[in-house]
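What follows is the residue order along each chain.
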Amino acid sequence: MASPVTGALPGSLPALESLAPPEALPAAVRGVIGRIAGVAGAWGPAPSPDGSRLAYVTDRSGLPRLEVAALDGATPPAVVSGPGQEVVCVAWSPDGAWLAYLVSPGGSICAELHVVRPDGTGHRVLAGHDPRATVFPGFWSGPEHYACSIAPGTGPDADVVLVDVGTGEQRTLASGGFLSVTAVSADRRTVLARRGPRAFRHVVVIDVATGIQRRVLPLDAPGGIASEDGRFSADGRTVYLRAALPGPPGADRAGLVAVPVDADGVPGPGRRILYRADADLDGYVLRRDGTVLAVWNAAGVTRLRLHALSDGAVVRDVPLPEPVLSGWAPLPGGDALVGELTGPRAPRGLWRVPLDGAGAAARLACSPALPEPRGLVDPVLHEYVAPDGVPLSGWLYTPAGTQGPNRTVITFHGGPEGQERPAWSPVAQCLVAAGLTVFAPNVRGSGGSGRAFMTADDGPAREASFADVRTTVDELVTAGIAAPGQVGAHGWSYGGYLTLVALTRWPDLFAAGASLAGMSDLRTFFAGTEPWMATASVTEYGDPVADHGMLAAISPMTALDRLTSPVLLAHGDRDTNVPVAESVQAHQALQARGARTDLLLLPGEGHAIVGREHLVELGERLVAWFDRWL
């Protein structure tokens, strides 16, 4: 168990008694929290080329590990990653001989590329030996080569690199900008890569011999301002893009665009294939039968649908047993996929989902057991409107039997381009188990409601998203959901930052707050985060030089004297995405002012907390914190 102060800066802070120790909770509540926060999941499915086996990531052992299992469940799963390796994702080579997987060393965001045989032999580290370098997920380009992007860590750029699995040799295919590889042509003469800052990314086609980069879609073309997931057709003459298509606010949604490319790699005019005014295209799979499998996000719920690739006509809706499909991989033959599904009562698990209309989805035996349903609740979508007319929404978790206003915690998601969806939320379920109501809003700046909504908090417009916090509290109190004076704020990453903003701007609205891995000062965030993250974040927050004054004005550190509520700051001590110093400096400043504050540093954890013991500890501390102060 981590102490209130431990890990990153030994000796710099005094050891304090916790202001809300987990031991203060009833034993029954602690038992429920341990059951919820410690439940295991499985994700990132990668079927073998013959469809008989499945590689995936699971934390059933307490940390994310790489396992291989028979798809039919005939043999038990086997761990093939090394001891202590924190696995991020996996891809199976087309000949079935190798598994390429990324490892987060000690929780760091700077991932390494590893390979191993499916039986666990032959392990090697291929890229990312330099602790400053970061390998980003890619794909196999032939049986002996893995294509990925690598940022050296000394600057903002990332190169497209082809890694030879046999020799370890790295061949740079494309450079010049932060490039995230999405496709490599069969002859390796052309690369598709996504480049650009957050919310303004676009796909470029790159000639490997000359290095010339061309935008697949012009800026003034539909989808040209934001496109990603570029893929070649089977003959290499068409590029398919998932792109933000124009429309009125709320209907400017991500859809699918087809762009012809000539023999010299010059793109032609794009043609819209798929579009829905009420849903974003989360992903797609091109099928050999001339159809495309579309993964639609409609108000946070996944809708799986087959369309004709020629004109987008609907062929078939595919039912899902859980509301959110967060990952997927087609099985050989194309008649089914392995889906990573989750819901309010179900952590991420793996399912075989038939696509031909015959039979229902079946949960795979290699998925960890589902949690006991007792005490878990289903959220309901609650919609409301900001004073300026912008529609807002969120997911409301209410403890069973609750009537009338209740102690309520508002939880803000990260990103800020993330989205609250009816997926597994151990934080929400733990708080509900202790009798607290939870509301998880999607304030402006969130994804899932069109591009205009997602970019409505960029730069100087961020003040508008702050106002949504006040609107949310007013809505919950007016609707008789939240009890005045008994409202708390909680968030992770950007949500932690928004929590600190809320506590400093409206100290009378919140009785307590908790920030997990949140920024306290955007100026020090830019100075301390990874170089590529800083460059990508300029369009989101502002330029650290040109907009220095604005960043100061919207940083909680410059307004901590207004904070009157107790605040818990929690952080993984290996976090270099939002550096751990962001929580440490806020805690020190609050201590100096005599504020009621706790600091929980979790040793060996990065930006996301993944260790089971730490997840349980964090759940207990959050519940004890809000149970005391609300």
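Look up a bit, the structure's there.
This is a predicted model, so every value here is computed, not measured. (Residues numbered from 1 in each chain as written. Predicted model: local features only at pLDDT ≥ 70, side-chain atom pairs only at ≥ 80, totals over all residues. Heavy atoms only, no water.)

## Regarding the overall build of the protein chain
Phase 1: Scanning the protein chain from N- to C-terminus turns up 11 helices and 36 strands.
Phase 2: Relative to the compact-globule value of 25 Å for 630 residues, the protein chain shows a C-alpha radius of gyration of 24 Å, a close match.
Phase 3: Sequence separation of at least 24 residues holds for 55% of the intrachain contacts in the protein chain that already meet a minimum separation of 6.
Phase 4: Accessible surface, the protein chain: about 23,300 Å² in total, of which carbon and sulfur atoms supply 55%.
Phase 5: Counting 49 positive and 63 negative side-chain charges, the protein chain places the averaged centre of each group 2 Å from the other. (Helix = DSSP H or I, 4+ residues; strand = E, 2+ residues; numbered from the N terminus. Rg over C-alpha atoms; globule rule 2.2 N^0.38 Å. Contact = heavy atoms within 4.5 Å. Areas by Shrake-Rupley, 256 points an atom, 1.4 Å probe, with all protein chains shown as cover. Lys, Arg positive; Asp, Glu negative; His and termini not counted. Charge placed at Lys NZ, Arg CZ, Asp CG, Glu CD.)

## Concerning the sheet that holds strand E23 (residues 301–308)
Phase 1: In space, the four strands of this open sheet follow the order E21-E22-E23-E24, with antiparallel pairing throughout. At either margin of the open sheet sits one strand with a lone partner, and together these are strand E21 (280–286) and strand E24 (314–318). This sheet shows a mean twist of 25 degrees between the axes of neighbouring strands, independent of strand direction.
Phase 2: Relative to E24, E23 runs antiparallel, the two sharing four bridges. Directly across from Arg305, in E24, lies its bridge partner Asp317. (Pairing = 2+ DSSP bridges. Axes fitted to C-alpha atoms, helices over the stretch in contact; angles between N-to-C directions.)

## Some points on the environment of Leu162
Phase 1: Take Leu162: it is sitting in strand E11 (residues 159–164).
Phase 2: Here the alpha-carbon distance between Leu162 and Leu370, two residues 208 residues apart in the chain, equals 40 Å.

## Things to note about the packing of helix H1 (residues 27–37) against helix H2 (residues 426–433)
A pair of packed helices is characterised by two quantities: the angle between their axes and the separation of those axes.
Phase 1: One way to put it is that H1 packs onto H2 with a least axis distance of 9 Å and a crossing angle of 165 degrees. Here H1 is positioned roughly antiparallel relative to H2, judged by the angle of their axes. Of the two elements, H1 crosses H2, and the hand of that crossing is right-handed. Contacts between H1 and H2 involve Val32, Ile33, Ile36 and Ala37 from the first element and Pro426, Gln429, Cys430 and Ala433 from the second.
Phase 2: Here the contact of H1 with H2 is composed, by residue class, of seven nonpolar, one polar and no charged. (Parallel < 35°, antiparallel > 145°, perpendicular 65-115°, else oblique. Left-handed = near helix turned anticlockwise from the far one by under 90°. Nonpolar A, V, L, I, M, F, W, Y, C, P; charged D, E, K, R; others polar.)

## Focus: the nonpolar core
Phase 1: Counting residues in hydrophobic clusters, the biggest one holds 52 residues, and the most contacted among them are Phe466, Tyr497, Phe510, Met519 and Tyr541.
Phase 2: Per-element accounting of this core gives the leading share, seven residues, to helix H5 (residues 494–505).
Phase 3: Excluding residues that lie within four positions of it along the chain, Tyr541 makes contacts with Arg198, Gly415, Pro416, Gly459, Arg462, Tyr494, Met519, Leu522, Phe525, Phe526, Met550 and Leu551.
Phase 4: Of all hydrophobic cores here, the second largest spans 40 residues; its members include Val39, Ala512, Val623 and Ala624. (Core = buried A, V, L, I, M, F, W, Y, C linked by side-chain atoms within 4.5 Å. Buried < 20%, exposed > 50% of the residue type's maximum accessible area, 1.4 Å probe, protein only.)

## Considering the pairing of strand E6 (residues 99–103)
Phase 1: With five of five residues buried, E6 is to be regarded as a mostly interior element.
Phase 2: What you see with E6 is no split at all: Leu99, Tyr101 and Val103 on one side and Ala100 and Leu102 on the other are buried throughout.
Phase 3: The pairing of strand E5 (residues 87–92) with E6 spans five bridges and is antiparallel. Considered in E6, the bridge of Trp92 is made with Leu99.
Phase 4: Linking E5 to E6, which pair antiparallel, is a turn of six residues; within it Gly96 sits at a positive phi near 80 degrees.
Phase 5: Bridge count for E6 against strand E7 (residues 112–116) is five bridges, and the pairing is antiparallel. Within E7, the residue paired with Tyr101 across the bridge is His114.

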